[in-house]
Amino acid sequence: MQTAYQVGKGMTKHVLELARQAAEEAEAEGAPPEVEDIPHVEPETTPPEPNPEPPVLAAIPEPKEPDPPIPPQPQPPQPPQRRMRFAFDPEVT
């Protein structure tokens, strides 16, 4: 797959070339060009800068006040516990 896109430059050369061709065609037909004079843009020849240290984006949150303690809830009354009582008939052996 081929494309006119250049990383960091977009499609500058391609767009300038299309504008130049459109201006030439307009001059050849005798009509005034639709496109104003397009300045010649030289590509940058300086090498890209090395990646600087990334900025620190995270902020330290301010400490919050602790939530007040939850008061104990009253427990519903418990039914009395029943104890089982066994009685043995002394006559049965």
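Keep in mind the model is a prediction, meaning the values are calculated, not measured. (Residues numbered from 1 in each chain as written. Predicted model: local features only at pLDDT ≥ 70, side-chain atom pairs only at ≥ 80, totals over all residues. Heavy atoms only, no water.)

S.K.: Explanation requested: the overall build of the protein chain in the structure shown.
M.R.: Along the protein chain, the regular secondary structure elements total one helix and zero strands. Expressed as a percentage of its 93 residues, the buried residues of the protein chain come to 4%. A total of about 10700 Å² of accessible surface is found on the protein chain, and carbon and sulfur atoms cover 58% of it. (Helix = DSSP H or I, 4+ residues; strand = E, 2+ residues; numbered from the N terminus. Buried < 20%, exposed > 50% of the residue type's maximum accessible area, 1.4 Å probe, protein only. Areas by Shrake-Rupley, 256 points an atom, 1.4 Å probe, with all protein chains shown as cover.)

S.K.: It is not clear to me how the pattern of salt bridges should be interpreted in this structure. Could you clarify?
M.R.: Pairing is possible between side chains that carry opposite charge, provided their charged atoms lie close to one another. For the coordinates displayed, the defined rule picks out two salt bridges. For E24, the salt bridge is made with R20, and the minimal N-O distance between the two is 2.2 Å. Of this pair, E24 and R20 both sit in helix α1 (residues 12–29), four residues apart, roughly one helical turn. Looking at E24, the relative accessible area reads 42%, which means it is partly exposed. In this structure, a network of salt bridges that share partners links the residues E17, R20 and E24. (Salt bridge = Lys/Arg side-chain N within 4 Å of Asp/Glu carboxyl O.)

S.K.: What is the right way to look at α1 in this model?
M.R.: Along an α-helix, residues three or four apart share an orientation, since each turn contains 3.6 residues. Between its first and last C-alpha atoms α1 spans 26 Å; for 18 residues at 1.5 Å apiece the expected length is 26 Å, and the two agree. Of all the residues in α1, the buried ones are A19, A23 and A26. The buried residues of α1 all sit within an arc of 65° when viewed along its axis, so they share a single face. For α1, the exposed residues set more than 90 degrees away from the buried face come down to K13, E25, A28 and E29. (Expected span 1.5 Å × (residues − 1). Arc of directions from axis to C-beta.)

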